[in-house]
2 protein chains.
Amino acid sequence: MATPQAHTFTLGLVQMRCEADLNANLERTLSAIHRAARNGAEIICLQELFRSPYFCQRYDPTLFDWAEPIPGPTTERLAQAARETRAVIAASLFERRAPGVYHNTAVVFDADGSLCGLYRKMHIPDDPLYFEKYYFTPGDTGFRTFATRLGRVGVLVCWDQWFPEAARLAALQGAEVLLYPTAIGWHPQEKEEHGAAQRQAWEVMQRSHAIANGVFVAAVNRIGHEGPAEGGLQFWGSSFVCDPFGVVLGQASEDREEVLVVPCDRRRLEEVRRHWPFLRDRRIDAYGDLTRRWLS
Amino acid sequence: MATPQAHTFTLGLVQMRCEADLNANLERTLSAIHRAARNGAEIICLQELFRSPYFCQRYDPTLFDWAEPIPGPTTERLAQAARETRAVIAASLFERRAPGVYHNTAVVFDADGSLCGLYRKMHIPDDPLYFEKYYFTPGDTGFRTFATRLGRVGVLVCWDQWFPEAARLAALQGAEVLLYPTAIGWHPQEKEEHGAAQRQAWEVMQRSHAIANGVFVAAVNRIGHEGPAEGGLQFWGSSFVCDPFGVVLGQASEDREEVLVVPCDRRRLEEVRRHWPFLRDRRIDAYGDLTRRWLS
């Protein structure tokens, strides 16, 4: 097994379509984890809410039944997969913390199957067909990283990817890679006019986190159309890994299930930060107002 | 003259080569300002330290002679140009504030020639051939915006463009556009291997500020090779404007003097922020550690 001292860690991104059957999604994902590990993946990241369709397209109180405790049946299976593959696994779950307190939560398992910890999504969207404020209590974990046997990983979730503050706070904790489990897609009727710009904005933002912080970034997004045929969401896949200078090292398609395996040379992180020493020059004396809503 | 209520403001970016003769640079820049205004530019931004070669390639105490007070002879000419063209002008100067206190300073003139104010570069680089910490005292203005007759502009300078914190703090003050006077180029011997990635990282970072904050962004960079023939810096031009979703609206070449004139529809800013409401969802309760150097 690799150690944090190894020059390379290999990321595995599991990009899938989700079915109505939650157990089928779990089993197919576990298969994909094993496939990723066989292909060399050491740190495997799943897409957001991989066990289910993206249910936040509608308001339905019965869907809280899909939430589950952590630890619970799903984390037990994931822990087992981590043990079996000797890979770190980052997964995104609909967490039932207490009646009425549900979260969009990422869990990280170390390569021995132990739970490193969890992160509860801090930035919660609420937009047409992304009604997340109905389902998810805003996270109270703050931004976190996890020291695994294979390196220090930061995990952020989907909407977090639009906030430079989140990436910065994870990077300042020493993250070598930021993982973004994601569920983002097009409104089909908007795709022709706005689709290209939307996906590009999504890529630009995440590449900018890599550059600003000198870290690897991996975004893992689902594929497939979910919801009514004439509406719904068409998830755009396009999962990718970029290096600490924002160079895209590998990217999946927009419409096929894929296991993307990308080796990352951690010496690149040191090299980039030496030549582009942004962390040296931050004006921490002048950033206090970042905790304010608006300045005027 | 347009008013802040107009739907559109038109940016003018003056991308030039700098000569050894400071006065020639000033005269040619003033000509370009008039040309930009004739072509419809209402808010005109000059490149970083437009009056001189990029002198920070070497350590030379006599070069402090190039610094000048504000107000001073150059700002007088710029104010006159603003009055004559009825354009807002943002310019970057080597400021002599006091003996031993020199700054890399941006000044903004309103369309009537009055000085709106100044911004002293907060993030100071110091890298091979960019020895700015020798010349420039770090700014003490904080991040600023200026309410001009044509809209509220934020001005940041070059190295600032790598820091999401700077863009955020200007945007939270209501900036509609962030202007980045810039002097960045390739080390010629690195260009073949790293040149494309470097320029792309520079574009990605600035487009990300537009997206994260829902503001227009304009970067104005010089062209030309300066310094010893076998070394020196080859400035990459590529000045550009992008909209509040990071879509590039216009971009100059990497090697020609150009006046880039780009109309910006401020309704786009409202539209983008409604559909991508990042400012609504910032977790200001959890950003306090952004004022720390490192977290561990």
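Notes on the structure in this doc start here. Since this is a predicted model, take the numbers as computed values, not measurements.

1. A few points about the pattern of salt bridges
Line of reasoning, step 1. Taken as a whole, this structure holds 54 salt bridges over all chains when the rule is applied.
Line of reasoning, step 2. A salt bridge links Glu68(B) to Arg51(B), with the nearest nitrogen and oxygen atoms 4.0 Å apart. In this pair, Glu68(B) sits in the loop between strand S2 (43–46) and helix H2 (73–85) while Arg51(B) sits in the loop between S2 and H2, placing the two residues 17 residues apart along the sequence. In this structure, Glu68(B) and Arg51(B) share a single accessibility class: buried.
Line of reasoning, step 3. For Arg199(B), the salt bridge identified is with Glu254(B), shortest N-O distance 2.7 Å. Within this pair, whereas Arg199(B) is found in helix H5 (residues 188–213), its partner Glu254(B) is found in the loop between strand S14 (248–251) and strand S15 (258–265), the two being separated by 55 residues in sequence.
Line of reasoning, step 4. When salt bridges that share partners are traced, they join Glu95(A), Arg97(A), Arg120(A) and Asp140(A) into one network.

2. Some remarks on the pairing of S14(B)
Residues and elements named next belong to chain B.
Line of reasoning, step 1. Inspection of the sheet shows strand S13 (residues 240–242) paired to S14 by three bridges, in the antiparallel sense. For Cys242, the partnering residue across the bridge sits in S14 and is Val248.
Line of reasoning, step 2. In sequence, S13 turns back onto S14 through a hairpin of five residues, with Gly246 there showing a positive phi of about 85 degrees.

3. Examining the relation of the copies chain A and chain B
Superposing the two chain copies requires a rotation about an axis and a translation along that axis.
Line of reasoning, step 1. For the pair chain A and chain B, the best superposition has an RMSD of 0.0 Å and corresponds to a rotation of 180 degrees with a translation of 0.0 Å parallel to the axis. As the rotation angle and translation indicate, the two copies are arranged about a two-fold axis.

4. Describing the interface of chain A and chain B
Many structure descriptions define interface size as the accessible area lost when the parts assemble.
Line of reasoning, step 1. With 55 residues of chain A at the contact, the number on the chain B side is 55 residues.
Line of reasoning, step 2. On the chain A side of the contact with chain B, Arg283(A), Leu290(A) and Arg293(A) bury the most area, a combined 12% of that side's loss.
Line of reasoning, step 3. The shortest N-O distance in the salt bridge between Arg168(A) and Glu165(B) comes to 2.7 Å.
Line of reasoning, step 4. At the boundary of chain A with chain B, the tally comes to 27 residue pairs in polar contact (both at pLDDT 80 or more).
Line of reasoning, step 5. Of all the secondary structure elements, the ones that give two or more residues to the side of chain A that touches chain B are helix H4 (164–171), helix H5 (188–213), helix H6 (267–275) and helix H7 (278–281) of chain A.
Line of reasoning, step 6. The element that contributes the greatest number of residues to the side of chain A that touches chain B is H5(A), accounting for ten residues.
Line of reasoning, step 7. Tallied by class, the residues present in the side of chain A that touches chain B amount to 31 nonpolar, ten polar and 14 charged.

5. What about unusual backbone geometry?
All names here are of chain A.
Line of reasoning, step 1. Residue Pro71 is reached from Ile70 by a cis peptide bond, and omega for that bond is 0 degrees.
Line of reasoning, step 2. Along the polypeptide, Pro71 turns up in the loop between strand S2 (43–46) and helix H2 (73–85).
Line of reasoning, step 3. If you check the backbone angles, Arg86 has positive phi at about 55 degrees while not being a glycine.
Line of reasoning, step 4. Mapped onto the fold, Arg86 is located in the loop between H2 and strand S3 (88–98).

6. Section: the side chain of Asp110(A)
Residue and element names in this part refer to chain A.
Line of reasoning, step 1. Following the sequence through the fold, Asp110 ends up in the loop between strand S4 (101–109) and strand S5 (115–120).
Line of reasoning, step 2. Buried charge Asp110 goes without a salt bridge, the closest partner of opposite sign being Arg149 at 4.2 Å.
Line of reasoning, step 3. Not counting chain neighbours up to four residues away, the residues in contact with Asp110 comprise Ala82, Ala87, Val88, Cys116, Ala147, Thr148 and Arg149.

7. Some thoughts on the sheet that holds strand S8 (residues 177–182) of chain A
Residues and elements named next belong to chain A.
Line of reasoning, step 1. The strand order across the open sheet formed by six strands is S6-S7-S8-S10-S13-S14, and the pairing between neighbours is mixed. Of all the strands in the sheet, just strand S6 (145–148) and strand S14 (248–251) have a single pairing partner and so form its edges. Mean inter-strand twist for the sheet, computed between neighbouring axes without regard to direction, equals 20 degrees.
Line of reasoning, step 2. In terms of strand pairing, strand S7 (residues 151–155) meets S8 through three bridges, oriented parallel.

8. A closer look at the state of the cysteines
Residues and elements named next belong to chain A.
Line of reasoning, step 1. Evaluation of the coordinates by the stated rule reveals zero disulfides over all chains.
Line of reasoning, step 2. Residue Cys56 stays outside any disulfide, its sulfur separated by 9.7 Å from that of Cys158, the closest cysteine.
Line of reasoning, step 3. Of the residues examined, Cys56 reaches a relative accessible area of 0% and is grouped as buried.

9. Focus: the packing of aromatic side chains
All names here are of chain A.
Line of reasoning, step 1. Within the structure shown, the criterion is met by 60 aromatic pairs over all chains.
Line of reasoning, step 2. Note on Trp202 and Trp236: the rings are 5.7 Å apart at their centroids and 75 degrees apart in plane angle, and the pair reads as edge-to-face. In this pair, Trp202 is assigned in helix H5 and Trp236 in strand S12 (residues 233–236), connecting sequence segments 34 residues apart. Comparing Trp202 with Trp236 shows no difference in burial state: the two are buried.
Line of reasoning, step 3. Following the ring pairs from residue to residue traces out a cluster consisting of Phe55, Tyr59, Phe64, Trp66, Phe94, Tyr102, Phe131, Tyr134, Tyr135 and Phe136.
Line of reasoning, step 4. A cation over a ring is seen here: Arg222 above Phe235, with NZ or CZ 5.5 Å from the ring centre.

Definitions and limits used
Residues numbered from 1 in each chain as written. Chains lettered and ligands numbered in written order. Predicted model: local features only at pLDDT ≥ 70, side-chain atom pairs only at ≥ 80, totals over all residues. Heavy atoms only, no water. Salt bridge = Lys/Arg side-chain N within 4 Å of Asp/Glu carboxyl O. Helix = DSSP H or I, 4+ residues; strand = E, 2+ residues; numbered from the N terminus. Buried < 20%, exposed > 50% of the residue type's maximum accessible area, 1.4 Å probe, protein only. Pairing = 2+ DSSP bridges. Least-squares fit on C-alpha atoms with pLDDT ≥ 70 in both. Contact = heavy atoms within 4.5 Å. Buried area = accessible area lost by both parts, 1.4 Å probe. Polar contact = N/O pair within 3.5 Å; in protein donor to acceptor, adjacent residues only side chain to side chain. Nonpolar A, V, L, I, M, F, W, Y, C, P; charged D, E, K, R; others polar. Lys, Arg positive; Asp, Glu negative; His and termini not counted. Axes fitted to C-alpha atoms, helices over the stretch in contact; angles between N-to-C directions. Disulfide = S-S within 2.5 Å. Phe/Tyr/Trp six-rings, centres within 6.5 Å; stacked < 30°, edge-to-face > 60°. Lys NZ or Arg CZ within 6 Å of the ring centre and 35° of its normal.

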